[in-house]
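Structural overview
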Amino acid sequence: MTAPALARHPRGLSAVAWMPWAIGLVTAVDYFDNALFAFFASYIAGGVNASPDELVWASSAYALGAVLGILQQHAWIERLGYRRYLALCMFAFAAGGLGAAWSDSATQLALARGMQGYFVGPMLGACRILIQVGMPAERRARALKAFMVLIVFGGAMAPVAGAFLVSNFDWRWLFGSTVPVAVSIGLLVQWALPDLGDVEPHERTAPHHAPYLVFALAQAALQVVLTRTHFELFTGSPALVGLALAGLAGLAWFGWHQWHHPAPLVRLHALRQPGFRVGLALYVVYYYLSTGFSYLLPRLMEGGLGFSVGNTGYFTGAMSLATGLLVFVYLRYSARLARKKWLIVAGFAIAALASAWLARVTPQSGREALVGPLLLRGLLMLFVVLPVANLTFRPFAAEDFAHGYRLKNLVRQLAISFATSSVIALQQHRLALHETRLAESANPGNAGFMQALDGLTRSFAALGHAAGEAHAMALGTLWRTLEQQATFMASLDGFTAIAVVALAAGVFAAWQRQID
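Every chain is numbered on its own, with residues counted from 1 as its sequence reads. pLDDT decides what is reported in this predicted model: residues at 70 or higher carry local features, side-chain atom pairs at 80 or more are listed and counted, and totals for whole chains, interfaces and linings draw on all residues regardless. Note that the side-chain values use all heavy atoms of the structure and ignore hydrogens as well as water.

1. Digging into the side chain of Gln-219
The line we're drawing: Under the DSSP-based scheme used, a helix requires at least four consecutive residues in state H or I and a strand at least two consecutive residues in state E, with every element numbered from the N terminus. For every residue, the accessible area (1.4 Å probe, protein chains only) is compared with the maximum for its type, and the residue is labelled buried under 20%, exposed over 50%, or partly exposed between those bounds. Every residue pair with non-hydrogen atoms within 4.5 Å of one another is taken to be in contact.
Positionally, Gln-219 belongs in helix α10 (residues 209–228). In this structure Gln-219 comes out as buried when scored by relative accessible area, which is 5%. When neighbours within four sequence positions are excluded, Gln-219 is seen to be in contact with Leu-64, Val-67, Leu-251 and Leu-414.

2. Comments concerning unusual backbone geometry
Located in the positive-phi region is Asn-49, a residue other than glycine, with phi close to 55 degrees. On the accessibility criterion, Asn-49 (69% relative accessible area) is exposed.

3. Description of the layout of surface pockets
What counts here: Cavity means a closed set of points on a 1 Å grid over the protein atoms alone, one where a 1.4 Å probe fits but cannot get out, pocket means an open set with protein on both sides within 12 Å along at least 5 of 7 lines, and lining means a residue has an atom within 4 Å of a point. Grid points are joined across faces, edges and corners, and a volume is the space filled by probe spheres set on the points. When residues are grouped by polarity, Ala, Val, Leu, Ile, Met, Phe, Trp, Tyr, Cys and Pro land in nonpolar, Asp, Glu, Lys and Arg in charged, and all others, Gly among them, in polar.
Of the voids in this model, the largest pocket is the one considered here, and its volume is about 740 Å³. Lining the largest pocket are 30 residues, with Arg-128, Leu-144, Met-148, Ala-389 and Asn-390 sitting closest to its centre. When contributions to the lining of the largest pocket are tallied by element, the ones reaching two or more residues are α6 (123–134), α7 (137–168), α12 (274–304), α14 (326–333), α17 (380–392) and α18 (398–441). Among the elements that make up the lining of the largest pocket, the one with the highest residue count is α7 (8 residues). Of the residues assigned to the lining of the largest pocket, the class counts are 20 nonpolar, 3 polar and 7 charged. The space that makes up the second largest pocket amounts to roughly 350 Å³. Phe-215, Gln-219, Leu-251, Leu-410 and Leu-414 are the residues nearest the centre of the second largest pocket, which is lined by 17 residues in total. Elements supplying a minimum of two residues to the lining of the second largest pocket: α10, α11 (238–260) and α18. Top contributing element to the lining of the second largest pocket by residue count: α18, with 6 residues. In the lining of the second largest pocket, the residues fall into 14 nonpolar, 3 polar and no charged.

4. Some remarks on the pattern of salt bridges
The cut-off we apply is this: A side-chain nitrogen of Lys or Arg and a carboxyl oxygen of Asp or Glu constitute a salt bridge if their distance falls within 4 Å.
By the definition in use, this model includes 7 salt bridges. Between Asp-198 and Arg-84 there is a salt bridge whose closest N-O contact spans 3.7 Å. Within this pair, whereas Asp-198 is found in the loop between α9 (178–192) and α10, its partner Arg-84 is found in helix α4 (residues 52–101), the two being separated by 114 residues in sequence. The class of Arg-84 is partly exposed, set by a relative accessible area of 32%. Each member of the salt-bridge network shares a partner with another, and the members are Arg-83, Arg-84, Asp-195 and Asp-198.

5. Details of a nonpolar patch on the surface
Defined as follows: Like-charged residues within 9 Å of one another, or nonpolar side chains (Val, Leu, Ile, Met, Phe, Trp, Tyr) within 5 Å, are grouped into patches, provided each residue has over 30% relative accessible area and no salt bridge. Surface exposure here means Shrake-Rupley accessible area, sampled with a 1.4 Å probe, where a residue is shielded only by the protein chains that are shown.
A contiguous nonpolar patch, built from Phe-164, Phe-169, Trp-173 and Tyr-314 and spanning about 420 Å² of accessible area, is present on the exposed surface. On the secondary structure map, Phe-164 appears in helix α7.

6. Observations concerning empty space enclosed by the protein
Taken as a whole, this structure holds 3 cavities of 30 Å³ or more when the rule is applied. The space that makes up the largest cavity amounts to roughly 640 Å³. Counting only elements with at least two residues in the lining of the largest cavity, the list comes to α2 (12–39), α4, α7, α12, α13 (309–324), α16 (367–378), α17 and α18. A class-by-class count of the residues in the lining of the largest cavity yields 17 nonpolar, 13 polar and 3 charged. For the second largest cavity, the calculated volume is near 40 Å³. Phe-37, Ala-38, Ala-41, Thr-291, Tyr-295, Thr-420 and Ile-424 together form the lining of the second largest cavity.

Shown next, in the form of structure tokens:
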């Protein structure tokens, strides 16, 4: 789209002014939804009575739907144009939100999340590509600023909004609340965007039905393997080994086909660029760290330190919003930093410091002990993902940029899915370990345990309870304390693992010359 095309916008200059914000709000819904699901995963799982491995299926279904949607994103745009495609995705995401809110089982939730993933998963790539190829250069910088600001604050608002909804309603409102928002944004897109992107039938990309089907089956097989290997031994299951081999073979054939096809679904030639490969690797680590923080923080604060869900969400959200304000500083001064590599290295160092700090909190810690690490955690996007984005896609022209960004978005969805499943599996393993060790000490041979049991029993008996009832209540109280201690210790283990990953990423980034 050219500047004259914007001037001839059928709905006037007011629609032109709203266009960057409409695009940014679509992407903000994606970030808000991902942060909401990760932060309140335990409440969602409890609402549908899902075990940890069943909750992972919902995350995997979302990732599978997202990658399939990203592969078909270009075909949808060629047929509908950006305006109708983005609006359709918002309306379909709202419908999926209703399905998730009405879910009564893990299977229903997985199906609804898969639908949401298909329609909202491609939005980051579609909107970023639209800004790059659909807006004139003189308006692009302002549109990118709106785009980045809404991404930052979309993710930061998720804990605050979710805390309010869970505290005052129930888990279903986590999904139900997004329905009117998505519908409103879809209507705004319909009004603010002009018709662009659609092409004549003879100019459209071939549908690639067979490669798409092979990719879908291969990706589904690998998602099954990824999900199950966290809960059962991979080498001990011939079915998992067979699925893994079939999935890898399918992906290898798909990659070979797309590499040699003149008009592929996703152009893989961008991988020839060393800077692009390094950028993708750094993106993977960032999404892993971000998802890990989002899952572990509520587990630590609520399950380990005894914070209420409201206090956890409001406090975490406030810290994220406070650091989010620094995005304006970054946008103003980042152009003056010639060597952004050391900004990225510093970002991973900050992530490692925040994780190590959180791994050393005590059971008596209050809010004041969490302010520092949460503020540091909020800097991760500014120090890592924004400079990585600038360096990764800088060499690409418009068409190569579109294909490269779609490939990056595929990697993003897979990284988030892997992070969610692996962090949940790590937590379940460490939780079971700590519960077992603590339970071993809860026996008549432990004088401290027996003293605490006797003291609680006498306290309940003094309140008028019968002896047997007072003893049972005392045991229940001690068991809840044991569970809280185990959750606290498992959370600390999780943050220790994140610190190790962040340190390794910092060393890797410092070693790379392609991003200097």
